[in-house]
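In case you want the letters, here they are:
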Amino acid sequence: DEYAHGVALSQDGKSWGRIEGDFPCGAVMVPYSATNKDLNAPNRDDDDSLLTLDEELYCAWPDVVMNSLTDAEKRKVGSKGSKPNFFMYYSTMTKDDRQKN
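Residues numbered from 1 in each chain as written. Predicted model: local features only at pLDDT ≥ 70, side-chain atom pairs only at ≥ 80, totals over all residues. Heavy atoms only, no water.

1. A look at the overall build of the chain
Within the chain, the regular secondary structure consists of one helix and four strands. Within the chain, residue pairs in contact and separated by at least 24 positions form 44% of the contacts whose partners lie at least 6 positions apart. Accessible surface for the chain amounts to roughly 8300 Å². Of this, 49% is attributable to carbon and sulfur atoms. (Helix = DSSP H or I, 4+ residues; strand = E, 2+ residues; numbered from the N terminus. Contact = heavy atoms within 4.5 Å. Areas by Shrake-Rupley, 256 points an atom, 1.4 Å probe, with all protein chains shown as cover.)

Written out as structure tokens, the structure reads:
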């Protein structure tokens with residue numbers, strides 16, 4: 001078995017509901033494997049160039065951090081964009097050299 005990420009949403013922070021992802025296990029993010037038929041589409045960067053990805057043993061231990069906007073950023077985006085946003089970081093380990101990322 002491998003670690004994979006799912007999604008759950010809550011309106012009140014107490015009761016949560018699972019959101020099913022596209023992968024057969026219901027996850028929204030799984031470790032990259034060249035043999036996984038669900039991941040065999042070409043991977044492209046923002047500039048449409050092809051990406052070379054290392055195969056991963058796991059995709060686990062998510063960490064969510066708040067990205068608070070500075071006063072200058074709040075003025076730039078206006079009232080609609082003035083709420084803090086969040087980033088999720090996660091840990092992986094490559095199959096070939098066992099390096100953590």
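2. Overview of the packing of aromatic side chains
Taken as a whole, this structure holds one aromatic pair when the rule is applied. Ring geometry for Tyr58 versus Trp61: centroids 5.1 Å apart, planes at 90°, classification edge-to-face. (Phe/Tyr/Trp six-rings, centres within 6.5 Å; stacked < 30°, edge-to-face > 60°.)

3. Some points on the nonpolar core
A general feature of soluble globular proteins is that nonpolar side chains tend to end up buried together. Counting five residues, the largest nonpolar core is built from Phe23, Ala27, Val30, Tyr32 and Leu39. Discounting chain neighbours no more than four positions away, the residues touching Ala27 are Ala4, His5, Gly6, Arg18, Gly21 and Asp22. (Core = buried A, V, L, I, M, F, W, Y, C linked by side-chain atoms within 4.5 Å. Buried < 20%, exposed > 50% of the residue type's maximum accessible area, 1.4 Å probe, protein only.)

4. Considering the pattern of salt bridges
Overall, the coordinates contain three salt bridges when judged by the stated rule. For Asp48, the salt bridge is made with Arg44, and the minimal N-O distance between the two is 3.8 Å. Judged by relative accessible area, which is 45%, Arg44 ranks as partly exposed. Among the salt bridges present, the one from Lys95 reaches Glu55, with a minimum N-O distance of 3.9 Å. Of this pair, Lys95 sits in the segment after strand E4 (85–94) while Glu55 sits in the loop between strand E2 (17–19) and strand E3 (56–67), placing them 40 residues apart in sequence. For Glu55, a relative accessible area of 25% corresponds to the partly exposed category. (Salt bridge = Lys/Arg side-chain N within 4 Å of Asp/Glu carboxyl O.)

5. Notes on a nonpolar patch on the surface
Among the surface-exposed residues, Val64, Met66, Phe86, Met88 and Tyr90 lie close enough to one another that they form a single nonpolar patch of about 510 Å² accessible area. Only E3 and E4 provide two or more residues apiece to the nonpolar patch. When residues in the nonpolar patch are grouped by element, the largest group, three residues, is from E4. (Patch = residues over 30% accessible without salt bridge, like charges linked within 9 Å, V, L, I, M, F, W, Y side chains within 5 Å.)

6. A few points about the environment of Lys95
Among the residues examined, Lys95 registers a relative accessible area of 29% and is labelled partly exposed. In this structure, the C-alpha to C-alpha distance between Lys95 and Tyr32, residues 63 residues apart in sequence, is 9.7 Å. Here Lys95 is in contact with Ser33, Glu55, Glu56 and Leu57, once residues within four sequence places are set aside.

7. Considerations on the environment of Glu55
Distance from Glu55 to Met93, taken between C-alpha atoms, is 8.5 Å for residues 38 residues apart in sequence. In contact with Glu55, other than residues within four places in its own chain, are Tyr32, Ser33, Ala34, Thr35, Met93, Thr94 and Lys95. Within the structure, the side chain of Glu55 is placed 3.3 Å from the side chain of Ser33, a separation counted as a polar contact. (Polar contact = N/O pair within 3.5 Å; in protein donor to acceptor, adjacent residues only side chain to side chain.)

8. So, the side chain of Glu56
For Glu56, the position within the fold is in strand E3. Although Glu56 lies buried, it forms no salt bridge, and the closest oppositely charged side chain, Lys95, sits 9.0 Å away as judged by the N-O distance. Engagement of the side chain of Glu56 in a polar contact is seen with the backbone nitrogen of Tyr32, the distance being 2.8 Å. Filtering out sequence-adjacent residues up to four positions away, Glu56 remains in contact with Val30, Pro31, Tyr32, Thr92, Met93, Thr94 and Lys95. (Lys, Arg positive; Asp, Glu negative; His and termini not counted.)

None of this, on its own, says anything about what the molecule does.
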